[in-house]
Amino acid sequence: MRMNERYELRQHGKVYNFFNKLLKNPYFLIAPAVIFDLWLTIFPMCFAVYMSFFKWDPISGRKKFLGLGNFRYLFQSEDFRKVLSNTIIFMLAILFVGLLLKILMGVFLNKRTPLHNIVQTVSFTPHIIASVSIAVIFMWLMDPNNGIFNMGLRALGLPTSYWYKGRDSALFSIIIVSIWAGLGSGALRIIAGLRSIPEYIYEAAKLDKSSPMKTFFKITIPLLSPTLLYMVVTTTASAFTSFDTVKMMTNGGPDNSTNLIAFYIYQQGLGFNQYGRAMAAAVILLLISGALAVINFTVLDKRVHYQ
Amino acid sequence: MPIILKDIKKIYPGSKEPVIEGLNLTIKDGSFTVLLGPSGCGKTTTLRMIAGLEDVTEGTITVDNTDITRMEPGDRNLAMVFQNYAIYPHMSVKGNIEFGLKNYKMTKEQIAQRIKDVLELTGLTEFANRMPNQLSGGQRQRVALARAISKSPKAFLMDEPLSNLDAKLRNQMRSELIQMFKQMETTFVYVTHDQVEALTMATDIVVMHNGKIMQQGSPKEIYRNPQNIFVAQFIGDPGMNVFLLDDGNYIGFKPRGLRSSGSDRDFSFEADLLTSEFLGFDYQYTFETGMGRIVMRSIDELEPDNHYRLYVQDADLFFFDKDQNVCEPFAIGGLKGVYHADE
């Protein structure tokens, strides 16, 4: 009885009413998320757009309005054009070759024997190794003089390569490392997607006299499409923000042949103190990846089958 | 085109115990054969072996005098309807039917005509371009049927096709299946654990238990003349009451054969009424005999919590020997206890 009285008193108390109202207010409830988002994403983004119109020296704090000057500089710069084409080649390579290899590996590993389980686990390890370590490992492997890659080529009597130290082979080397690093986790994602396709669909296809090839292209791939779309989106995004492998292995060289846009932004900003230019490049990156995301979600989404 | 299974043995990979051993079964041409049994009895495995989705460890399956034991599922000219329909979720209703037909040697016009025919037959014409996720459960089931029909197979194999539908729709689909069977004049092999489905649709019922055939016969034969205690207790609503006797033999009687009054010549025993359930037309009573519980179905209204003497007329008694098979009537000795085959 006493408990009830006290409870009722509290129910009508001012403090209770205040908190009760507050906790029913949706704006209050989403405020923490919005504040973090404003602080960590929206504000820096707006700041970058703003600074891209200035020549800005953060040490002295001086800034000078240039209008579209930074953008004009970038599009006239031979280097930046090279960076853009490098980035696009890099993206297309890891998107198509990488995805193809992931699908092949996923299909091949999608069995439940102990051997397949071991290979699955082993192939996942690059995902939990720091990308810096992966870069270092490949710098040993690809060393033009003592690396295993060239030793192998020499043993087979094939021409050797300068790998990441050669102007013509450096971007190719960076692509190999990036594809290798994402292969295991990508294959695992494919396996998860394959296992979500029910067995009876395949049985129905068998009774429909469908050949293994036809089943793969007409049943497996369409039913895997949500997984594939997700991987296309994340792979494109990661290609545009790929930084650590380049920083570790080549520093963008030789002769800008491996300079990708994320590294270019870093180089212009922290390297050459050209923050306005870096911000302008970042804005261009934002526009490109935003456009690609829109394309991915509108064009591809129509061809994706969600169960 | 009879389907003949000869000395079939099935051991699943990684297991030593066979799930099916020494199975011999002839499915008559043009029959609606229902494989009936509790879960785990091997009925679905049998069906899947006929379809080619499971390997046969030993024995042969012939359809129309052709040995199909090792043939690819697609080459057997059989169509299957799955429990969860197994329609391709990314293809329209039309696409689902077309996918299979394209793998047969048919011209485009023939395919289009065939699709049109089966869509009409199954009442799906207006849904031809719908995707499966826009269809109700009953409509999806019809798509699965349409896909099966489109191939004009030698036989239809159906694995509990109605079990995912609600009760009302199930009744409706049941009568549609019966109509379809009459129209097609093809063999149907139908797996279910639901005796109502079996009794209503089948021309032939095969009762299975632990990988063995317990009895094969028409619904009336199975219902009226069970060959052994398992069938007697599995079929019926509810199943037969069976007493184990002192000499190791058994006697049984159906719940509807039990009466609350009778003469001294009848088989009779004492029992307490435990529960009574009003079922509309009649009542279902559960009695405690002191040796176990028995069930009675009757239109008579009995007083609850009372002691009764229950009677079974000679004509309603079933006699089973020590091996639990039906046998000639014998003199009934002392009762040992109530017996249930599935316990």
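For clarity, every value in this text was computed on a predicted model and none was experimentally measured.

About the cut-offs
Numbers given for residues are sequential positions, taken from 1 along each chain in its written order. Whichever chain is written first is A, and whichever ligand is written first is 1; the rest continue in order. With pLDDT at 70 or above as the cut-off, local features in this predicted model cover only qualifying residues; side-chain atom pairs require 80 or more to be listed or tallied, and sums for whole chains, interfaces and linings still use all residues. Strands are runs of DSSP state E lasting at least 2 residues, helices are runs of H or I lasting at least 4, and numbering of each runs from the N terminus. With C-beta atoms placed from the backbone, a residue is buried if 20 or more other C-beta atoms are within 10 Å of its own, exposed if 12 or fewer are, and partly exposed between those counts. We call two residues in contact when the distance between their C-beta atoms, placed using the backbone, is within 7 Å. Axis definition: a line fitted to C-alpha atoms, limited for helices to the stretch in contact. Angles are taken between N-to-C directions and run from 0 to 180 degrees. Reported orientations rely on four angle classes, namely roughly parallel under 35 degrees, roughly antiparallel over 145, roughly perpendicular from 65 to 115, and oblique for the rest. Should the near helix be turned counterclockwise from the far one by less than a right angle, the crossing is left-handed, whereas a clockwise turn marks it as right-handed. For this classification, the nonpolar set comprises Ala, Val, Leu, Ile, Met, Phe, Trp, Tyr, Cys and Pro, the charged set comprises Asp, Glu, Lys and Arg, and every other residue, Gly included, is treated as polar. Only when DSSP finds a minimum of two bridges between them are two strands counted as paired. Domain start and stop positions are those given by an automatic or database domain assignment. Note on terminology: a nonpolar core is a set of buried residues of type Ala, Val, Leu, Ile, Met, Phe, Trp, Tyr or Cys, with members joined through C-beta atoms within 7 Å. pLDDT runs from 0 to 100 and stands for how confident the predictor is about each residue. For a helix, the expected span equals 1.5 Å multiplied by the residue count minus one.

### Examining the overall build of chain B
No. 1: Assigned secondary structure in chain B consists of eight helices and 19 strands.
No. 2: Across its three principal axes, chain B shows a C-alpha extent of roughly 75 × 45 × 35 Å.
No. 3: Here chain B holds 343 residues, and the buried ones make up 39% of them.
No. 4: At a minimum sequence separation of 6, the contacts of chain B that also span at least 24 residues come to 64%.

### A look at the packing of helix α2 (residues 93-101) of chain B against helix α3 (residues 108-121) of chain B
Residue and element names in this part refer to chain B.
No. 1: For the pair α2 and α3, the least separation of the axes is 10 Å and the interaxial angle reads 135 degrees. Between α2 and α3, the angle falls in the class oblique. Judged by the twist between their axes, the crossing of α2 over α3 is right-handed. Within the contact between the two elements, α2 uses K94, I97, E98 and L101 and α3 uses I111, R114, I115 and V118.
No. 2: Residues belonging to the contact of α2 with α3 are distributed by class as follows: five nonpolar, no polar and three charged.

### Overview of the sheet that holds strand β17 (residues 307-312) of chain B
All names here are of chain B.
No. 1: The five strands are arranged β13-β17-β14-β15-β16 in an open sheet whose pairing can be described as antiparallel. A single partner strand is all that each edge strand has here, and the edge strands are β13 (258-259) and β16 (293-298).
No. 2: The sheet contact formed by β13 and β17 spans two bridges and is antiparallel. Paired with R259 across the bridge in β17 is Y311.

### A few points about unusual backbone geometry
Residues and elements named next belong to chain B.
No. 1: Between D237 and the following residue, P238, the backbone shows a cis peptide bond with an omega angle of -5 degrees.
No. 2: On the secondary structure map, P238 appears in the loop between α8 (229-234) and β11 (241-245).
No. 3: Phi at A86 is positive, roughly 55 degrees, even though this residue is not glycine.
No. 4: Assessed through the 23 C-beta atoms surrounding it within 10 Å, A86 is described here as buried.

### Here's the deal with the interface of chain A and chain B
No. 1: Counting residues at the interface gives 14 residues for chain A, matched by 16 residues for chain B.
No. 2: Where the side of chain A that touches chain B is concerned, the elements lending two or more residues are α10 (199-207) and α11 (212-241) of chain A.
No. 3: Ranked by the residues each element gives to the side of chain A that touches chain B, the list is headed by α10(A), at six residues.
No. 4: In terms of residue class, the side of chain A that touches chain B is built from seven nonpolar, three polar and four charged.

### A word on the sheet that holds strand β3 (residues 32-36) of chain B
All names here are of chain B.
No. 1: What the six strands build is an open sheet, ordered β6-β7-β8-β3-β9-β10; its pairing is mixed. In the strand order of this sheet, the two ends are held by β6 (78-81) and β10 (212-217), each with one partner. Mean inter-strand twist for the sheet, computed between neighbouring axes without regard to direction, equals 20 degrees.
No. 2: Pairing of β3 with strand β8 (residues 187-192) involves five bridges; the strand directions are parallel. The residue bridging F32 from the neighbouring strand is F188, located in β8.
No. 3: Taken strand by strand, helix α4 (residues 137-150) contacts β6 and β7 (155-159), and its axis lies near 175 degrees from that of β6.

### Describing the domain arrangement of chain B
No. 1: For chain B, the domain assignment lists domain 1 (3-224) and domain 2 (237-338).
No. 2: Summarising the inter-unit geometry, the C-alpha centres of domain 1 of chain B and domain 2 of chain B are found 39 Å apart.

### Considerations on the pairing of strand β15 (residues 283-288) of chain B
All names here are of chain B.
No. 1: Relative to β15, strand β14 (residues 267-278) is paired through six bridges, and the arrangement is antiparallel. Following the sheet pairing, S276 is matched in β15 by Y285.
No. 2: Connecting β14 to the next strand, β15, in antiparallel fashion are four residues, including G280 with a positive phi near 100 degrees.
No. 3: Counted between consecutive antiparallel strands, the loop separating β15 from β16 contains four residues, among which G290 sits at a positive phi close to 95 degrees.

### A short note on the nonpolar core
No. 1: Judged by nonpolar contacts, the single largest core of 97 residues is most densely connected at B:V34, B:I50, B:M80, B:A144, B:L157, B:V189 and B:V207.
No. 2: For this core, the leading source of residues is α4(B), giving six residues.
No. 3: Ignoring any residue separated from it by four or fewer positions in sequence, one finds B:V189 in contact with B:I3, B:I27, B:T33, B:L35, B:L47, B:I50, B:A155 and B:L157.
No. 4: A:M51, A:F80, A:I175 and A:A262 belong to the second largest nonpolar core, which has 37 residues in total.

### Describing the confidence of the model for chain B
Residue and element names in this part refer to chain B.
No. 1: In this model, chain B carries an average pLDDT of 90, and 99% of its residues clear a pLDDT of 70 or more.
No. 2: By mean pLDDT, the top-scoring element of chain B is β3 (95), and the lowest-scoring one is strand β19 (residues 335-338) (87).
No. 3: Across the predicted assembly, pTM comes out at 0.80 and ipTM at 0.84.

### Comments concerning helix α14 (residues 275-300) of chain A
All names here are of chain A.
No. 1: Counted at 1.5 Å a residue, the expected span for α14 with its 26 residues is 38 Å, and the 36 Å between its end C-alpha atoms agrees.
No. 2: Residues Y275, G276, R277, A278, M279, A280, A281, A282 and V283 constitute the buried set of α14.
No. 3: The elements touched by buried residues of α14 are α3 (26-51), β1 (54-57), α4 (69-76) and α13 (261-271).

### So, the confidence of the model for chain A
Low-confidence regions, as indicated by low pLDDT, have predicted coordinates that should not be scrutinised in detail.
No. 1: Chain-level statistics for chain A give a pLDDT mean of 86 and a share of 95% at 70 or above.
No. 2: The lowest-confidence element of chain A is helix α1 (residues 2-12) of chain A, averaging 56 in pLDDT; the highest-confidence one is α10(A), averaging 92.

### Description of the packing of α13(A) against α14(A)
All names here are of chain A.
No. 1: Axis separation between α13 and α14 bottoms out at 7 Å; the angle between their running directions is 160 degrees. Here α13 is positioned roughly antiparallel relative to α14, judged by the angle of their axes. In terms of crossing hand, the pair formed by α13 and α14 is left-handed. On the side of α13, the interface is formed by I261, Y264, I265, Q268 and G269, while α14 contributes Y275, R277, A278, A281, A282 and L285.
No. 2: Grouping the constituent residues of the contact of α13 with α14 by class yields eight nonpolar, two polar and one charged.

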